[in-house]
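Remarks on the overall topology
Take a look at the letters that make up each chain.
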Amino acid sequence: MSTGTIISGVLAPHPPHLVYAENAPQNEPKAECGWETLRWGYERCRKNVLAKKPDVFIVHSPHWKTVVGHHVLGIPRCDGLSVDPIFPNLFRYKYGFDVDLELAECLYDGLKAAGILTKMMRNPGFRVDYGTIASCHLINPEWNIPIVGISSNASHYYFSNEVGDEEMIALGEATRNAVEKSGRRACLLASCSLSHRHFTVESAIPEDMSQEHIYHHGQYLWDMRVLGLMREGKCAQLMAEMPDFVEQANSETKEGCLTWLMSALGVPDYPAEVHGYGSVIGTGNAVVEWDPENAKATA
Amino acid sequence: MSIVRGYIVPGRPHPLLAPEKSPAWQSLRNAYDEVGREIAQLDADLMLIYSTQWISIIGHQMQADPKPVWTLVDSEWHELGEMPYEFNIDAPFAQAYCKAAQARGLHARTVAYHGFPIDTGSVVALKLLNPDNRIPSGIVSCNMYADRGETLVLGKAAADAVRDSNKRVIAVAVTALSNRMFTQEIDPKEDHISSEKDDEWNRKILEILEHGRLEDVSQHARDFAAQANGDQRMKAIWWLAALMGQNNRYEGRVFDYQPIWGTGAAIVGLTPAERASGDLEFDEEDVEVYTGDRNVLSGAGTVADEGSEVETSSTEPSIDGAIHAEKAPRPVGAFPHARRVGDLLFLSGMGPRTPGTDEIPGGPVRDENGKPLDYDVEAQTRAVIANLRTVLESAGSSLNDVLDITCFLIDMKRDFPKFNAVYAETFGPIGATRTTIEVESLPTPIAVEFKVIAAARQNVS
Ligand SMILES: [Fe+2]
């Protein structure tokens, strides 16, 4: 078996609004339009990622919250109906996908060996969280590539953002090791928004774009700073600033997924491609792709 | 009609799914079962649940699917097994509760979707307290940003809906007390409260609850939450206290107090009683209406603000016959500007405040520190009459239709002659009956207020 590699990493936010606006056949509610810059960004990113023919997507989602350890999806097949508890009016999605169980087991073993508390989720009745479903749909609506899901254990962030990030760095390294060991060509998805202050009421028509804007200017400034660092290939600096970003922009990255992704990618020093940026009920969202192979080729 | 009993119960699934694994969880299960038997004797019409595990961020949600069916697997405790459920939800009550919440300025909506993820806390409580679904139930969400004011208003809206429903209701707050979970694997047999300090705080509030002093605990919930990491800042207590009437007149019973994975899990019953226990100390302000100032997100001029503005200035009657006049000054409490019953129109007390700005024509009667100011009672009286005209006209009536007026003055000696002269200009020819009373003060720094009953015109709906 050849050594596996992480062939790409994507910041893949999961607002259900994007799936709703697209009128995905798996989703029951229907929309007129909405959030096009983000959706078109996803389309471009999807084209790039799928062209590389990944064997598996590994997704870290802030909406599978656990406290006792990091949990890994450990059943061969997941089928079900995902209803967003916050936006049930927008997202009632029938999903079905295969899990790369071999890689999941390998990840579980690797985490354990690294001294990271971890658990396999082996209950066949488990409903996969809506963050995982939305991000995976947006990157591969055909669902024809297996998935490995990792829960978000944010308990280390109770101490401080710095302590939380340390745990996520370890998780990222263990993920990379597991991928290498498994021989897979893996694409990693960090399922989260950037700045995350949001409106607390919904407009009468959810897709009314005249009501959509970033929550406040400070958030926009932070998002642009973060995206600027990504585009310049300064991820070490981004990771150093992450605790402030979380604190000041109430970023959804506080659940750890972006730190996990940066760490798994070996803290990229090459430019990322920002495919799209836009606000969803006031939060800042970007679709961003890291392409390690291309970076090597052009270096 | 009334709340026949209130309960506080824990929402983690261990007593339901794995009591045998730990003496603490078994003990909680026994207490849960005992309460279930007690409830079966209460002849209740509705079990109303507020669960800290049903988190909402866009206002509050009320479950309105009459028959939700699902098999729940907890996202953290999946290894404990499945929780199949089929509940009997009182959907009309959910609608009524939602309307009552909106009438008090809250953003609220009902949800009725197949597969909507009912939270573990609600499922555990309903399965254990109402195992055969004999009592129809209601479930309301816990807004993660809501603070005391908003949660009190949510509780009071529940009380409004309960009062109007004529039902005998059991109120259930599903919440942990101290909420510091162990983040490592533990031996369930050795489960214990994660710190001695949390344990002491839990015991303290349980002692107060055992004395039936729910409102005292509600007043101290902030302190408790800060000290013991109370579950969702302990806001379930605010909801329960507001729903049950904000007093200390209960018979309290602590059925059990145990750890679940380090958190404080208590089962408490509160029965309304005549006797008052101890002194009632209100340290915190009371709130009747939510005014949309939940500015957790520190932005201004947002969609959120506009949304709540629409709700408070709506002319749509939300309660039968209630009239909210768009162009009249905003009421200072949870009441409409007027209410129509048959041929009569009853107006709420009307003062001189300028609609929109709340300025007082002729100046306020005292400054912010309570120092008396010189004011113009004639200007105030004219402003009152102008405001009355606005409300009457928006209800399809007019000043000419006024039948009876009660006038309140804060300084009869100083103000009566001038007030009386201005009054006569408008109401002299109309000939409404009138009573004038001196009162010590009015809710805002004004000198005069009118309470009016008018004839309602037939052709206006
Ligand atoms: Fe999210």
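Computed from a predicted model, the values in this text were never measured in an experiment.

This part takes up the overall build of chain A. When helices and strands are counted, chain A shows nine helices and 10 strands. What you see for chain A is a C-alpha radius of gyration of 18 Å, in line with the 19 Å of a compact globule of 299 residues. Taken over 299 residues, chain A has a buried fraction of 66%. At a minimum sequence separation of 6, the contacts of chain A that also span at least 24 residues come to 80%. Carbon and sulfur atoms make up 52% of the accessible area of chain A, which totals about 10600 Å². Of note, chain A has its 25 positive side-chain charges centred 4 Å away from the centre of its 37 negative side-chain charges.

Bringing the overall build of chain B into the picture now. A count of helices and strands for chain B gives 11 helices and 16 strands. Here chain B, with 461 residues, has 54% of them falling under the buried criterion. Across chain B, the fraction of contacts at a sequence separation of at least 24, relative to all contacts at a separation of at least 6, is 78%. Here chain B has roughly 19400 Å² of accessible surface; of this, 49% comes from carbon and sulfur atoms. If the 44 positive side-chain charges of chain B are averaged to one point and the 68 negative ones to another, these points end up 3 Å apart.

It is worth spelling out the domain arrangement of chain B at this point. Annotation of chain B at the domain level lists domain 1 (2-272) and domain 2 (316-455). Of note, the centres of domain 1 of chain B and domain 2 of chain B, computed from C-alpha atoms alone, are 43 Å apart.

The subject of this paragraph is helix α4 (residues 130-139) of chain A. Within α4 of chain A, 10 of the 10 residues are buried, which leaves it mostly tucked inside the rest of the structure. For α4 of chain A, the complete set of buried residues consists of Y130, G131, T132, I133, A134, S135, C136, H137, L138 and I139 of chain A.

Residue and element names in this part refer to chain B. Here we have six strands laid out as an open sheet, ordered β11-β12-β13-β16-β14-β15, and mixed in their pairing. In this open sheet, the two strands that pair with only one neighbour each are β11 (322-323) and β15 (433-438). Pairing of strand β13 (residues 344-347) with strand β16 (residues 448-455) involves three bridges; the strand directions are antiparallel. Bridged to F346 within β16 is I453. With respect to the sheet, helix α10 (residues 377-394) is in contact with β11, β12 (338-341), β13, β14 (402-409) and β16, its orientation differing from that of β16 by roughly 30 degrees. Across the sheet, helix α11 (residues 412-427) is in contact with β14, β15 and β16; its angle to β15 comes to roughly 160 degrees.

Our focus in this paragraph is the coordination of the iron ion. Residue and element names in this part refer to chain A. Around the iron ion, the protein contributes the donor atoms H14 (NE2), H63 (NE2) and E252 (OE), at 2.1 Å from the metal centre. As a motif over one chain, the donors of the iron ion read H-x48-H-x188-E. On the criterion of sequence distance, the pair formed by H14 in the loop between β1 (5-11) and α1 (16-22) and H63 in strand β2 (residues 56-66) is long-range, its members being 49 residues apart. Given a relative accessible area of 5%, H14 falls into the buried group.

Opposite the 36 residues of chain A that make contact, chain B presents 42 residues. Contact with chain B buries surface across chain A, with I86, T200 and V201 of chain A losing the most and accounting together for 18% of the total. Linking chain A with chain B are three salt bridges. In this structure, the salt-bridge partner of K119 of chain A is E185 of chain B, at a minimum N-O distance of 3.8 Å. If you look at where chain A meets chain B, you find 11 residue pairs in polar contact (both at pLDDT 80 or more). Of all the elements in the fold, those that place two or more residues in the side of chain A that touches chain B are β2, β4 (77-83) and β6 (118-121) of chain A. Class assignment for the residues of the side of chain A that touches chain B results in 17 nonpolar, 12 polar and seven charged.

Criteria and cut-off values
- Residues numbered from 1 in each chain as written.
- Chains lettered and ligands numbered in written order.
- Predicted model: local features only at pLDDT ≥ 70, side-chain atom pairs only at ≥ 80, totals over all residues.
- Heavy atoms only, no water.
- Helix = DSSP H or I, 4+ residues; strand = E, 2+ residues; numbered from the N terminus.
- Rg over C-alpha atoms; globule rule 2.2 N^0.38 Å.
- Buried < 20%, exposed > 50% of the residue type's maximum accessible area, 1.4 Å probe, protein only.
- Contact = heavy atoms within 4.5 Å.
- Areas by Shrake-Rupley, 256 points an atom, 1.4 Å probe, with all protein chains shown as cover.
- Lys, Arg positive; Asp, Glu negative; His and termini not counted.
- Charge placed at Lys NZ, Arg CZ, Asp CG, Glu CD.
- Domains from an automatic or database assignment.
- Pairing = 2+ DSSP bridges.
- Axes fitted to C-alpha atoms, helices over the stretch in contact; angles between N-to-C directions.
- Donors = N, O, S within 2.8 Å, 3.2 Å for Na, K, Ca; no water.
- Buried area = accessible area lost by both parts, 1.4 Å probe.
- Salt bridge = Lys/Arg side-chain N within 4 Å of Asp/Glu carboxyl O.
- Polar contact = N/O pair within 3.5 Å; in protein donor to acceptor, adjacent residues only side chain to side chain.
- Nonpolar A, V, L, I, M, F, W, Y, C, P; charged D, E, K, R; others polar.

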